[in-house]
Amino acid sequence: MKTYRIAVLPGDGIGPEVTTEAVRVLDAAAESLGLAFEKTHYPHGAEHYLSTGETFPDEVIEEMRGYDAILLGAIGDPRIEVGMLERAIIAGLRFQLDLYINLRPIKLFDAKLCPLKDKGPEHVDMVVIRENTEDLYTGIGGFFKKGTKDEVAMQEMILTRRGADRLFAYAFELAEKRKRKKLTLVDKANAVRAFDLWTRAFEEMGQDYPEIERDHAYVDAACMWMVKNPEWFDTVVTSNVFGDILTDLGAMIQGGMGLAASGNIHPGKVSMFEPIHGSAPKYAGKNVANPLAAILAVQMMLDYLGEDRAATAVENAVRGALLDGEIPSASAGNGLGTDEMGRIVSRRVQAELAG
Ligand code: IPM
Ligand code: MN
């Protein structure tokens, strides 16, 4: 039996609840296909930090390299200094495992989920490739005269040629696999001169992909077009910070945070899959959070592992449940429990794979 080793980090807030359902769906797919997923749970997050003082030790990050993939729920807790655990765990994994691609599909399954007038699945079907290891997120910077009236705070935006080249190589390859063969670069080269490095690297790489239509938008305009004409976008490549912002907007036009999943990827190496949403402390422990984003993170993981049949079955199960209203919406408080939604999708996955 084919066995995969998966590290599971449920994390904080609604993380454990949505992760339980994502794992339920994973197990349902595995059972139908005769695959095995050997899961190792890690307790890291707020509770673990409060009881042990440990955030996310280097040894644990090193251990992660031994898995086939990592599944993460959500990190963040209002009792703890803002961003501390997110930096240690989420950024820790992204940077230390060099997961330089943050892949974020924005796919509308049903027009009724979209807040945009007259837009349906044929208008919203894109994938955003967010650079994941540079930009303002490297943490280069600091404080000077902290706490005084003369305080200075600085944080540098880093772009490297090597980083641009590997990012664009991935982007052109992905654009080539998609039907539309269109790649849009989103940056702010008109105001931030450092992006000139990207402009040149993108053009040069583009010469090797003559069949891909190259397009460009400044990030402010990209936000506008994504609302007005989402059908203009197919494959989008952008920086870490802009990708963070643009994909929250993207999550809304695909039906909400309850549906937005992501893959933190280093091609060929252990990669990490997570919902885009946070730990949503106000919903924690109430069995109301929507697990679909975490379930779609499992779908991305299966796809990454090359388990295409399982991945397709999960996507069809989620789409089917939303289309026929068995799951009426992607928002918390749609009347269904987190566990019920997990069971609905699991059943549908098994039905998909039974045929
Ligand atoms: C995301 C999140 C993270 C980010 C936070 C939690 C650090 O917003 O994955 O989009 O900014 O990347
Ligand atoms: Mn974000």
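Residues numbered from 1 in each chain as written. Chains lettered and ligands numbered in written order. Predicted model: local features only at pLDDT ≥ 70, side-chain atom pairs only at ≥ 80, totals over all residues. Heavy atoms only, no water.

## Section: the sheet that holds strand β2 (residues 35–41)
Working definition: the strands of a sheet are paired by backbone hydrogen bonds and lie parallel or antiparallel to each other. What the ten strands build is an open sheet, ordered β2-β1-β3-β12-β11-β4-β5-β10-β8-β9; its pairing is mixed. Each edge of the open sheet is held by one strand with a lone partner, namely β2 and β9 (213–218). Looking at each pair of strands side by side, their axes are set apart by 25° on average, direction ignored. The pairing of strand β8 (residues 182–187) with strand β10 (residues 235–238) spans four bridges and is parallel. Looking across to β10, one finds that leucine 185 is bridged to valine 237. Contacting β4 (101–107), β5 (125–131), β8 and β10, helix α8 (residues 240–253) crosses the sheet at an angle of about 155° to β5. (Pairing = 2+ DSSP bridges. Helix = DSSP H or I, 4+ residues; strand = E, 2+ residues; numbered from the N terminus. Axes fitted to C-alpha atoms, helices over the stretch in contact; angles between N-to-C directions. Contact = heavy atoms within 4.5 Å.)

## Observations concerning the state of the cysteines
Working definition: the covalent bond between the sulfur atoms of two cysteines is a disulfide. The final tally for this structure, using the stated rule, is zero disulfides. Lacking any disulfide linkage, cysteine 114 is separated from the closest cysteine sulfur, that of cysteine 223, by 16 Å. Cysteine 114 gets classed as buried once you look at its relative accessible area, which sits at 11%. Cysteine 223 sits in the partly exposed class, given a relative accessible area of 22%. (Disulfide = S-S within 2.5 Å. Buried < 20%, exposed > 50% of the residue type's maximum accessible area, 1.4 Å probe, protein only.)

## With respect to the environment of lysine 119
Its location among the elements puts lysine 119 in the loop between β4 and β5. Not counting chain neighbours up to four residues away, the residues in contact with lysine 119 comprise Leu108, Ala111, Cys114, Lys228, Asn229, Pro230 and Glu231. A distance of 3.2 Å separates the side chain of lysine 119 from the side chain of glutamate 231, its partner in a polar contact. (Polar contact = N/O pair within 3.5 Å; in protein donor to acceptor, adjacent residues only side chain to side chain.)

Without other data, these values stay purely geometric and don't point to any function.
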